[in-house]
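Understanding the architecture of this molecule
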Amino acid sequence: MILTITMNPSIDISYPLATFQLDTVNRVTNVRKTAGGKGLNVTRILKQLDTEVVASGLIGGFLGEEIKKDLDENQIPHDFQPISGETRNCIAVLHEGKQTEILESGPVISPKEATQFLQHFQQLAKKADILSISGSLPAGLPVDFYSQMLTVCKEKPVILDCSGDALKAVLKGKVKPKLIKPNTEELADLLGGKVSSNLDELMAALKEPLFEGIEWIVVSMGAQGAFAKHFDTFYRVTIPKIEVVNPVGSGDATVAGLTAAIEAGLSDEAILTQGNVLGMLNAQEATTGRVALAHYQKLADKIQVEKVGGTGNERKKSLYQTTV
């Protein structure tokens, strides 16, 4: 079973507009509202892959009940810890090929609620084979809360997708996640300097002592694909050009693919292929957290996963290659 954690979930609202005009009325005719937050995006993709998944995190108020209702309607099991605060809204305005986001900060978590969640999380983690933890921490939780969670479930592999001070605290902690997935901007922030797409620079960056103990580092590079390190082996992932409909949640779809492939014990090449294909499939859909698996193999055949310094492309069968 895969346990997904969303500490600061939301109702995600998408407003597609031909043009976005300031200081006047913008009317939207095709509004999309979904149970959101990075971890719940991961959850929905995992559900479509027919994996056994349970969603958890902190949830409260009217919007919290709406999230649970949405998950129930989609037959996604969940076991959230209730809080007294109100779950947030997150708005994405899609206009003129751009994406403008308005993100509420969300509820403030009390020390008592934090302690209760750690106890709840510990019990859930015992039942899981692998965990996927995504997104920001809500106000009130200490910056090292993810480190506390890793300590509680230290015997379990954890895929962690977060950034900023929360990720820095994890990297300085004693218990490490199995995989992290920064983009180049987040990687530069961690290292305190610029990081380009140059392969030698990326290899040098991922060899920094800060990342010691992290088995997998997958660096998202947008349209340029990805760069990854697994133990001491480096990979360059090249992806085909696609028509992007809605990029929201594509990184989360990638995390879902990586998590499911790791749980299944696939090869490095298959893990990276699956993660990147699902990210692209999500970007081709209007609805966040949705993929058309019928198109999976077409994209998988166009992805190149190369060992840097190796003897050429090494692509292996993905988990869904024979069934999609």
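Residues numbered from 1 in each chain as written. Predicted model: local features only at pLDDT ≥ 70, side-chain atom pairs only at ≥ 80, totals over all residues. Heavy atoms only, no water.

A short note on the packing of helix α8 (residues 250-263) against helix α9 (residues 268-283)
Two numbers describe how α8 lies on α9: the axes approach to 7 Å, and their chain directions differ by 150 degrees. Relative to α9, the element α8 is oriented roughly antiparallel. At the point where α8 passes α9, the crossing takes the right-handed sense. For the pair formed by α8 and α9, the contact residues are S250, A253, T254, G257, L258, A260, A261 and I262 on the first element and I271, L272, Q274, G275, N276, L278, G279, N282 and A283 on the second. Each residue belonging to the contact of α8 with α9 can be placed in one class, and the counts come to nine nonpolar, eight polar and no charged. (Axes fitted to C-alpha atoms, helices over the stretch in contact; angles between N-to-C directions. Helix = DSSP H or I, 4+ residues; strand = E, 2+ residues; numbered from the N terminus. Parallel < 35°, antiparallel > 145°, perpendicular 65-115°, else oblique. Left-handed = near helix turned anticlockwise from the far one by under 90°. Contact = heavy atoms within 4.5 Å. Nonpolar A, V, L, I, M, F, W, Y, C, P; charged D, E, K, R; others polar.)

Overview of helix α6 (residues 184-191)
One turn of an α-helix holds 3.6 residues; hence residues three or four places apart share an orientation. Among the residues of α6, L187, A188 and L190 are the ones counted as buried. Buried residues in α6, looked at end-on, bunch into an arc of 160 degrees, giving them a common side. Two to three positions downstream of the cap, the backbone nitrogen of E185 sits 3.1 Å from a side-chain oxygen, assigning the N-cap of α6 to N183. Among the residues trailing α6, G192 stands out with phi positive, at a value near 70 degrees. (Buried < 20%, exposed > 50% of the residue type's maximum accessible area, 1.4 Å probe, protein only. Arc of directions from axis to C-beta. Polar contact = N/O pair within 3.5 Å; in protein donor to acceptor, adjacent residues only side chain to side chain.)

Things to note about the UniProt feature "domain: Carbohydrate kinase PfkB" (unreviewed entry) in the protein chain
Those residues carrying the UniProt feature "domain: Carbohydrate kinase PfkB" (unreviewed entry) are residues 7-289 in this numbering. Helix makes up 36% of residues 7-289 and strand 22%, whereas the separation of the span's terminal C-alpha atoms amounts to 18 Å. (UniProt positions renumbered as here; feature names shortened; annotations may be inferred.)

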